Every structure is written in structure tokens, then in C-alpha cells.
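Chains, contacts and geometry: an overview
For reference, the chains in residue letters:
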Amino acid sequence: MTTETKPLKRSDYREFYPIVTRWMDNDIYGHVNNVTYYSYFDSAVNRYLIEHGGLNIHDAPIVGFVVNSHCNYLAPIAYPDAIEVGLRVNKLGNSSVTYGVAIFKQGDEQACAYGDFIHVFVERAANKAVPIPEFIRTALAALVVS
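What this report covers is the structure whose coordinates are included nearby. None of these values were measured; they are calculated from a predicted model.

**Observations regarding the overall build of the chain**
- Along the backbone of the chain there are two helices and six strands.
- In sequence order, the secondary structure elements of the chain are arranged as β-α-β-β-β-β-β-α.
- The C-alpha radius of gyration of the chain comes to 15 Å, within 12% of the 15 Å expected for a compact globule of 146 residues.
- Seen through its C-alpha atoms, the chain measures out along the principal axes to roughly 45 × 30 × 25 Å.
- Residues classed as buried in the chain amount to 44% of the 146 residues present.
- Total accessible area on the chain is roughly 7,600 Å²; 55% of this is exposed by carbon and sulfur atoms.
- With 12 positive and 15 negative side-chain charges, the chain shows a spacing of 5 Å between the two charge centroids.

**Things to note about the pairing of strand E4 (residues 96–105)**
- The buried fraction of E4 amounts to eight of the 10 residues, a majority that puts the element mostly inside the structure.
- Both strand E3 (residues 82–92) and E4 contribute to a ladder of nine bridges, which runs antiparallel. Bridged to arginine 88 within E4 is glycine 100.
- Hairpin connection, E3 to E4: the antiparallel pair is bridged by three residues.

**Observations concerning the nonpolar core**
- If you look at the biggest cluster of nonpolar residues, it comprises 34 residues, and the most contacted ones within it are Tyr99, Ile103 and Leu140.
- In terms of residue count, helix H1 (residues 34–53) provides more of this core than any other element does, seven residues in total.
- In this structure leucine 140 touches Tyr48, Leu49, Val89, Leu92, Val97, Tyr99, Phe121 and Ile132, once residues within four positions along its chain are discounted.
- Leu8, Tyr13, Ala102 and Ala111 belong to the second-largest nonpolar core, a separate cluster that totals six residues.

**Structural notes on unusual backbone geometry**
- Residue proline 80 is reached from tyrosine 79 by a cis peptide bond, and omega for that bond is 10°.
- If you trace the backbone, proline 80 turns up in the loop between strand E2 (62–73) and E3.
- Unusually for a residue other than glycine, asparagine 127 sits at a positive phi of about 60°.

**What to know about the state of the cysteines**
- Throughout the structure, instances matching the rule amount to zero disulfides.
- Residue cysteine 71 stays outside any disulfide, its sulfur separated by 10 Å from that of cysteine 112, the closest cysteine.
- A relative accessible area of 11% places cysteine 71 in the buried class.

Definitions and limits used
- Residues numbered from 1 in each chain as written.
- Predicted model: local features only at pLDDT ≥ 70, side-chain atom pairs only at ≥ 80, totals over all residues.
- Heavy atoms only, no water.
- Helix = DSSP H or I, 4+ residues; strand = E, 2+ residues; numbered from the N terminus.
- Rg over C-alpha atoms; globule rule 2.2 N^0.38 Å.
- Buried < 20%, exposed > 50% of the residue type's maximum accessible area, 1.4 Å probe, protein only.
- Areas by Shrake-Rupley, 256 points an atom, 1.4 Å probe, with all protein chains shown as cover.
- Lys, Arg positive; Asp, Glu negative; His and termini not counted.
- Charge placed at Lys NZ, Arg CZ, Asp CG, Glu CD.
- Pairing = 2+ DSSP bridges.
- Core = buried A, V, L, I, M, F, W, Y, C linked by side-chain atoms within 4.5 Å.
- Contact = heavy atoms within 4.5 Å.
- Disulfide = S-S within 2.5 Å.

It is worth stressing that arrangement in space is one thing and function is another; only the former is reported here.
Right under this line is the structure:
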């Protein structure tokens, strides 16, 4: 099963992060603008890396750079919706990880939006890809789905 073949349900994700939409997230059409979903994805992924992987976003010599992301939109959300970002790992490579991410209205079983988000881990000073640090790899492995 991949995110490209069908929308995923809450049970397909391993970790959830609550977010309350903000007034400024809405666009002129009265729903959360598409680019804001990427901010939600980024916030959930980095919160997981900080809380579970021990990533120090300010001083770590190795950090994750986003190299690709996409989102499929199924149902609108709007301020003041309370949402949850579902997180999983679709693929764990040597220096990269592909996360599966989804947006759910709080308590809903069906995703409003879903997609992928890819990090490549790089040595900050050299800006070169390196293997994922072991403490982060261990945290990511807990999110892997088969």
C-alpha cells in the first residue's frame, strides 16, 4: 500500500501531533491554503526528531534537509479546526528518510490530506549527505510501516 493508491486512515500512522489552525492559515476561499499543509508536515516531522531522536536543531553537526514533498488534498480544513498530523516512515535509507504524513480533523478516521516528505541528512558545515545518525535512525525505525 502506498500513499499514491488511496487515502490512508488514522490506523496507518504511528505518531500524531495536534495543531490548532490559525486565522491567518485560511485563504480567500475560506479554507486552509495549500502551502500551509507543508508547514504542518514540517512541524510534525521536526518535533518528532527533536523529541524522539534528540535532534538539536540549533547546534547539531548533522541535520535533515527537505529535498522533496508533496500533498494530496481530499477535504478542506479551516480555522478554527483542531487537526492532528499523522506521521510514519515509508522508507528508511542510508542518508535519507521518506515520511508519510497526513492531516486529520481531530478524532476523524479519514485523512483530509496526505503525502510524502523526504529528508536527506547532511553534515551542516560541508553541506554533504551523510549516514543518518544512529540515535535518529533508531527513532525513525519506530515509525517504519511495512
